[in-house]
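Examination of the molecular architecture
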Amino acid sequence: MDRCRARQQAGRVSRKLPLIHGVTEHQVGPLRMEKLDLEFSNGERRVFDRQVSGGHGAVVVVPLVDKDTVLLVREYAAGMHRYELGLVKGRIDAGETPLQAADRELKEEAGYGARQLDVLRALTLAPTYMSHQSWLVVARDLYPERLPGDEPEELEVVPWKLDALDQLMLREDFSEGRSLAALFIAREWLAAQA
């Protein structure tokens, strides 16, 4: 079997989705949860918990100063209680598209707007129990523009060469999975565009 055909078959789902017999919603603190009463194709029944995303999702932005350089931001990460390098990211507000949210977040966090924005794909955090999605957006043809944001302090903007991702991925202060995945996906997408 040739490689192309093998990839196509690997991408297919060979099983039917479980039958949902019922969904029960409940709150756990600020989180909205659902209990799914499921029956699998082999007859097994299980109850799965799922965290339901509030809002309209989020964006992760790969802002390119030029074809070889991305802008990262350094901001306080309360979950780890340290300063963390990562990409521009934030929620999609009501009525916004992922492209509009990406441009707004870029202006708020990095002080740039973009004349060219491309949505590449959705990324999930933990799809086995969360419905949250973040849209990966590549921002190019940047120009200086700052909007007030909700950050308590101005974020440090750090240019990083795409050919040095091997150094970035091993830094202790660059640990967020969406940022890491987004940079590698964007780098491959950009190479295919050339």
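Since the structure is predicted, the reported quantities are computational estimates derived from the model, not experimental observations. For every chain, the first residue of the written sequence is number 1, and numbering continues from 1 onward in sequence order. pLDDT decides what is reported in this predicted model: residues at 70 or higher carry local features, side-chain atom pairs at 80 or more are listed and counted, and totals for whole chains, interfaces and linings draw on all residues regardless. The basis for the side-chain values is all heavy atoms of the structure; hydrogens and waters are excluded.

Here helix α4 (residues 177-193) is 17 residues long and its end C-alpha atoms lie 24 Å apart, about the 24 Å a rise of 1.5 Å per residue gives. Exposure classes here rest on a 1.4 Å probe applied to the protein chains alone. A residue is buried below 20% of its type maximum, exposed above 50%, and partly exposed in between. Elements are defined by DSSP. Helices are runs of H or I of four residues or more, strands are runs of E of two residues or more, and each kind is numbered from the N terminus. Among the residues of α4, Arg 178, Ser 179, Ala 182, Leu 183, Ala 186 and Leu 190 are the ones counted as buried. In a view along the axis of α4, the buried residues occupy a sector of 125°, so they form one face of it. Among the exposed residues of α4, those pointing more than 90 degrees away from its buried face are Glu 188, Ala 191 and Ala 192. Each residue after the first adds 1.5 Å to the expected span of a helix. The arc in question is traced by the directions running from the helix axis to the C-beta atoms.

Moving on, we come to the pattern of salt bridges. Note on pairing: side chains with opposite charge can pair once their charged atoms come close. Each salt bridge in this description consists of a side-chain nitrogen of Lys or Arg and a carboxyl oxygen of Asp or Glu lying within 4 Å of one another. According to the stated counting rule, one finds 24 salt bridges in the structure shown. The residue Glu 176 makes a salt bridge to Arg 178 at a minimum N-O spacing of 2.5 Å. The pair formed by Glu 176 and Arg 178 is uniform in burial state, with each residue classed as buried. A single network of salt bridges, built from pairs that share partners, joins Arg 91, Asp 93, Glu 96, Arg 104, Glu 105 and Glu 108.

For the rest of this paragraph, the subject is the packing of aromatic side chains. Ring pairs shown here join Phe, Tyr and Trp side chains whose ring centres sit within 6.5 Å, with only the six-membered ring taken for Trp; geometry is labelled stacked below 30 degrees between planes, edge-to-face above 60, and tilted in between. If you walk through the whole model with that rule in mind, you get 2 aromatic pairs. For the ring pair Phe 40 and Phe 48, a centre distance of 5.9 Å and an interplane angle of 45° mean the geometry is tilted. By relative accessible area, Phe 40 is classed as partly exposed at 28%. With a centroid separation of 5.9 Å and an interplanar angle of 65°, the aromatic rings of Tyr 76 and Tyr 83 are classed as edge-to-face. Overall, Tyr 76 belongs to the partly exposed group, its relative accessible area being 39%. When its relative accessible area of 44% is taken as the criterion, Tyr 83 is described as partly exposed.

This part takes up the UniProt feature "domain: Nudix hydrolase" (unreviewed entry) in the protein chain. Feature annotation in UniProt assigns "domain: Nudix hydrolase" (unreviewed entry) to the following positions: residues 54-185. End C-alpha to end C-alpha, residues 54-185 measures 26 Å, and it is 19% helix and 44% strand. UniProt positions are given in the numbering used here, feature names are shortened, and annotations may be inferred rather than shown by experiment.

The next thing to look at is helix α2 (residues 98-109). With 12 residues, α2 should reach 16 Å at 1.5 Å per residue; the first-to-last C-alpha distance of 16 Å fits that figure. Counted residue by residue, α2 has 9 buried out of 12 residues, so it is predominantly covered. Where α2 is concerned, the buried positions are Ala 101, Ala 102, Asp 103, Arg 104, Glu 105, Leu 106, Lys 107, Glu 108 and Glu 109. The contact rule is simple, with two residues in contact once any of their heavy atoms fall within 4.5 Å. Residues of α2 that are buried in the fold lie against β4 (58-66), β5 (69-77), β7 (88-91), β8 (112-124), β9 (133-144) and β10 (156-161). Looking at the residues trailing α2, positive phi occurs at Gly 111, about 80°.

So, on to the side chain of Glu 176. One can find Glu 176 in the loop between α3 (165-168) and α4. For this analysis, a polar contact is any N or O atom pair within 3.5 Å, provided that within protein one partner can donate a hydrogen and the other can accept it, and provided that sequence-adjacent residues contribute only side-chain to side-chain pairs. A polar side-chain atom of Glu 176 sits 2.5 Å from a polar atom in the side chain of Arg 178. At 2.7 Å, the side chain of Glu 176 forms a polar contact with the side chain of Ser 179.

So, about the pairing of β9. In this analysis, strands are considered paired if DSSP registers two or more bridges between them. Relative to β9, β4 is paired through 6 bridges, and the arrangement is parallel. Paired with Val 61 across the strands is Val 137, a residue of β9. Pairing geometry for β8 and β9, over 11 bridges, is antiparallel. Its bridge partner being in β9, Gln 116 is matched across the sheet by Arg 140.

Keep in mind that most residues, glycine aside, have a negative phi and that most peptide bonds are trans. The backbone of His 81 sits at a positive phi, close to 50°, despite the residue not being glycine. Within the secondary structure, His 81 is located in the loop between β5 and β6 (82-86). Taking relative accessible area as the criterion, His 81 reaches 62% and is therefore assigned exposed. The phi angle at Asp 141 is positive, at roughly 55°, despite the residue not being glycine. For Asp 141, the position within the fold is in strand β9.

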